[in-house]
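Tertiary structure, described
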Amino acid sequence: MKVIHTKEGLTDLIGNYKKEGKTIGFVPTMGALHEGHLSLVTQCKKNSDVAVVSVFVNPTQFNDPEDLKRYPRTPEKDCALLETAGCDVAFLPSVEEIYPEKDTRKFDFGYLESIMEGAKRPGHFNGVGQVVSRLFDIVQPDKAFFGMKDFQQVAIIKNMVRQLNYTLEIIPCPIVREASGLALSSRNALLDKEHKENAPHIYATLKKARELASQMSVNELKKWIADEINRNPFLETEYVEIVDDTTLKVINDWKEEGTKVACVAVYAGKIRLIDNIVF
Ligand code: PAF
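A short tour of the structure in this document, coming up. (Residues numbered from 1 in each chain as written. Predicted model: local features only at pLDDT ≥ 70, side-chain atom pairs only at ≥ 80, totals over all residues. Heavy atoms only, no water.)

1. Some details on the sheet that holds strand 1 (residues 2-4)
Worth spelling out the cut-off: Strands are treated as partners if at least two bridges between them are detected by DSSP. Strands here mean DSSP runs of E at least two residues long; helices mean DSSP runs of H or I at least four residues long; both are numbered from the N terminus. Interaxial angles span 0 to 180 degrees and are taken between N-to-C directions of axes, which are lines fitted to C-alpha atoms, for helices over the stretch in contact. Residue contacts are counted whenever heavy atoms from the two residues lie within 4.5 Å of one another.
Pairing is parallel in the open sheet, where six strands are placed in the order 1-4-3-2-5-6. The strands lining the two open edges of the sheet, one partner per strand, are strand 1 and strand 6 (169-173). The average angle at which neighbouring strand axes cross in this sheet is 25°, direction not considered. Summarising the sheet, strand 1 and strand 4 (residues 89-91) pair through three bridges and their orientation is parallel. Counterpart to Val3 in the pairing with strand 4 is Ala90. Across the sheet, helix 7 (residues 124-139) lies against strand 2 (24-29), strand 3 (50-55), strand 4, strand 5 (143-147) and strand 6, angled at about 150° from strand 2, the strand it touches most.

Below, the structure is given as structure tokens:
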């Protein structure tokens, strides 16, 4: 595996692969890698000749400076994991490398950024758009792989790909969970023992909610989910939303067409976790 820190180094390498007619698969990450990321690398390897993974904690997508400060950073461990997962190129740029000057671009994701994560984390998706477009420009991938835990992010990235006329394919990949049901997330490393033990209650509630969906209205079920999560003294629900899986339009009635996804953001102490389930 090659470890690259500069845009120039990566551009040269990618240029050579392209000359050889190889397809480039890309997995953008913020590091503190876990099995969820490694499953994206596996998919990337299966579907492309060269697997490139970036490890970059992007400051522009953090609306809370404390959250940015405490975000876990484990670059050596990440490189070791990527090597065993079959990654060909690990790209670990510095902040100056990605943002030699302040990125002043403003994306307009319209309705997609007006709900859930977009509403609760102002500026977050603009920062995601900034970094992912920069990384796409550098890596020039044919395919890029994103986890469905960040369900709304996938919709935002697909929209950005259309807005900026990228020709690459976005491949969403399933959520990977611990045996307890807790969705894998780099933030799980920040949970203390008690919160870690209680966090699986989030997915257990979502699974129960899927069973109860036929017995309640959409709004009753949303309230039930929030109350059920909050019954656990270690958890505090920030939002519950049930949306269409492609348009993200909020569902008001089960009779509405389309696949429905229940999405939650929950505080486990100071750590904010998100999860979702397809109904
Ligand atoms: O999902 C993430 O880890 C980040 O939002 C991403 C896509 C790597 C951009 O920084």
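The rest of the description comes next.
2. Focus on the pattern of salt bridges
The condition that has to hold: Salt bridge criterion: a side-chain nitrogen from Lys or Arg within 4 Å of a carboxyl oxygen from Asp or Glu. For each residue, the accessible area found with a 1.4 Å probe, counting protein chains only, is set against the maximum for its type, and the residue is called buried under 20%, exposed over 50%, and partly exposed in between.
Per the counting criterion, the structure on display carries 17 salt bridges. Glu117 is the salt-bridge partner of Arg121, the closest N and O atoms lying 4.0 Å from each other. In this structure, Arg121 and Glu117 share a single accessibility class: buried. Arg272 is paired through a salt bridge with Glu117; the nearest N and O atoms lie 2.8 Å apart. Taken as a pair, Arg272 in strand 9 (residues 271-278) and Glu117 in helix 6 (residues 116-120) lie far apart in primary sequence, 155 residues in all. In this pair, the class of Arg272 matches that of Glu117, namely buried.

3. Thoughts on the site of the ligand
Here is the rule we go by: Throughout, near means a residue has at least one heavy atom within 4 Å of the molecule or strand. Pairs of N or O atoms are called polar contacts if they sit within 3.5 Å, as long as, within protein, a hydrogen donor faces a hydrogen acceptor (for residues adjacent in sequence, only side-chain-to-side-chain pairs). Using a 1 Å grid laid over the protein atoms alone, points where a 1.4 Å probe fits but cannot get out form a cavity; open sets with protein on both sides within 12 Å along at least 5 of 7 lines form a pocket; any residue with an atom within 4 Å of a point counts as lining. Here the criterion for a molecule occupying a pocket or cavity is that more than half of its atoms lie within 2 Å of the pocket grid points. Under the grouping applied here, Gly and all other residues not named as nonpolar or charged are polar, the nonpolar ones being Ala, Val, Leu, Ile, Met, Phe, Trp, Tyr, Cys and Pro and the charged ones Asp, Glu, Lys and Arg.
Around the ligand, the surrounding shell consists of Pro28, Thr29, Met30, Asn58, Gln61, Val131, Val132, Phe146, Asp150 and Gln153. A distance of 2.6 Å is found between an oxygen atom of the ligand and a side-chain nitrogen or oxygen belonging to Gln61. One of the side-chain N or O atoms of Gln153 is found 2.7 Å from an oxygen atom in the ligand. More than half of the atoms of the ligand fall within 2 Å of the grid points belonging to the largest cavity. Those elements giving two or more residues to the shell around the ligand turn out to be strand 2 and helix 7. Across the shell around the ligand, the residue classes tally to five nonpolar, four polar and one charged.

4. Digging into the sheet that holds strand 8 (residues 260-268)
If you walk across this open sheet you meet the three strands as 7-8-9, and the pairing is antiparallel. Two strands bound the open sheet, and with one partner strand each, they are strand 7 (235-244) and strand 9. Put simply, the sheet's adjacent strands are angled 15° from each other on average, direction ignored. Bridging between strand 8 and strand 9 involves eight bridges; their strand directions are antiparallel. For Ala268, the partnering residue across the bridge sits in strand 9 and is Ile271.

5. With respect to the packing of aromatic side chains
Here a ring pair, both rings aromatic, is described through the centre-centre distance and the interplanar angle of the planes. Basically, it comes down to this: By convention, a stacked pair of Phe, Tyr or Trp rings (six-membered ring in the case of Trp) has centres within 6.5 Å and planes under 30 degrees apart, an edge-to-face pair has planes over 60 apart, and any other such pair is tilted. Should the NZ of a Lys or the CZ of an Arg lie within 6 Å of a ring centre and within 35 degrees of the ring normal, that charge is described as sitting over the ring.
For the coordinates displayed, the defined rule picks out six aromatic pairs. Pairing Phe62 with Tyr71 gives two aromatic rings, centres 5.5 Å apart and planes at 75°, and the pair type is edge-to-face. The same class applies to Phe62 as to Tyr71, namely buried. Aromatic pair Phe136 and Tyr166: ring centres 5.5 Å apart, planes at 85°, arrangement edge-to-face. Placement of the pair is Phe136 in helix 7 and Tyr166 in the loop between helix 8 (151-163) and strand 6, with a sequence separation of 30 residues. This pair shows no difference in class: Phe136 is buried, exactly as Tyr166 is. Ring-pair connections join several aromatic residues into one group, and the members of that group are Phe26, Phe136 and Tyr166. A cation over a ring is seen here: Arg177 above Tyr203, with NZ or CZ 3.4 Å from the ring centre.

6. Some words on the pairing of strand 6
The cut-off we apply is this: By convention, a crossover is right-handed whenever its connection, traced from the first strand over the helix to the second and viewed with the strands pointing away, goes clockwise.
Examined bridge by bridge, strand 5 and strand 6 share five bridges and lie parallel to one another. Paired with Ala144 across the two strands is Ile170, which belongs to strand 6. With helix 8 bridging strand 5 and its parallel neighbour strand 6, the resulting β-α-β unit is right-handed.

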